[in-house]
Amino acid sequence: MDKKECIGKKLEDILETPILISTDKKTRIYGLKNKGRDIEISAYSRSESREDYFHKVEIEYLPASKYIINGSCTCESFRYYGMPCKHMLTVRNVYIKNQQKLING
Ligand SMILES: [Zn+2]
């Protein structure tokens, strides 16, 4: 992860097409990859302090336990504490809520 990419991105600068946008529009999932028992999810999650910016969130999620086993986020909280931040948890929750839709297309 590039440490300089820390303030997030404006929506118009995100060029990929989302595969899912949450109902509150704050979370946008761009990619899913199955890796054995884990799923890698890449997403953008809206900043609460700067509402026109989105943080890039990558998580490795273990469906069997609902644990986030690895991941990163461009927000200050994650960079400072190195612990799963609210964006990572939100991305996981949006994934869980829409799991059927994402798997069945
Ligand atoms: Zn974050």
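Residues numbered from 1 in each chain as written. Predicted model: local features only at pLDDT ≥ 70, side-chain atom pairs only at ≥ 80, totals over all residues.

The helix and strand inventory of the chain stands at two helices and six strands. The N-to-C order of helical and strand elements in the chain reads β-β-β-β-β-β-α-α. Radius of gyration (C-alpha) of the chain: 13 Å, near the 13 Å computed for a compact globule of 105 residues. Considered along the principal axes of its C-alpha atoms, the chain spans approximately 35 × 25 × 20 Å. Burial statistics for the chain: of 105 residues in total, 28% are counted as buried. (Helix = DSSP H or I, 4+ residues; strand = E, 2+ residues; numbered from the N terminus. Rg over C-alpha atoms; globule rule 2.2 N^0.38 Å. Buried ≥ 20, exposed ≤ 12 C-beta atoms within 10 Å, placed from the backbone.)

UniProt annotation of "domain: SWIM-type" (unreviewed entry) refers to residues 55-96 when read in the numbering used here. This span, residues 55-96, is 40% helix and 36% strand, and a straight line between its end C-alpha atoms measures 20 Å. (UniProt positions renumbered as here; feature names shortened; annotations may be inferred.)

Before going further, it helps to examine helix H2 (residues 86-104). Under the 1.5 Å per step criterion, the end-to-end length of H2 is 27 Å for 19 residues, consistent within 8% with the ideal 27 Å. Along H2, the sharpest kink reaches roughly 70°, centred on Asn98. Every buried residue of H2 is accounted for by His87, Met88, Val91, Arg92, Val94 and Tyr95. On its buried face, H2 is in contact with strand S3 (27-35), strand S4 (38-46), strand S5 (53-62) and strand S6 (67-73). (Expected span 1.5 Å × (residues − 1). Bend = angle between axes of the 7 residues up to and from the residue. Contact = placed C-beta atoms within 7 Å.)

The next point concerns the nonpolar core. In this structure, Ile41, Val57 and Val91 are the most contacted members of the largest nonpolar core, which totals 16 residues. Breaking this core down by element, the ones donating at least two residues are S4, S5 and H2. Not counting residues within four places of it along the chain, the set of residues in contact with Ile41 comprises Ile29, Leu32, Ile59, Tyr61, Val91 and Tyr95. (Core = buried A, V, L, I, M, F, W, Y, C linked by C-beta atoms within 7 Å.)

Excluding glycine, most residues fall at negative phi; most peptide bonds, likewise, are trans. Located in the positive-phi region is Lys25, a residue other than glycine, with phi close to 65°. The topology assignment puts Lys25 in the loop between strand S2 (20-21) and S3. The phi angle at Lys66 is positive, at roughly 65°, despite the residue not being glycine. You can see Lys66 is positioned in the loop between S5 and S6. Classification of Lys66 as exposed rests on a count of 10 C-beta atoms within 10 Å.

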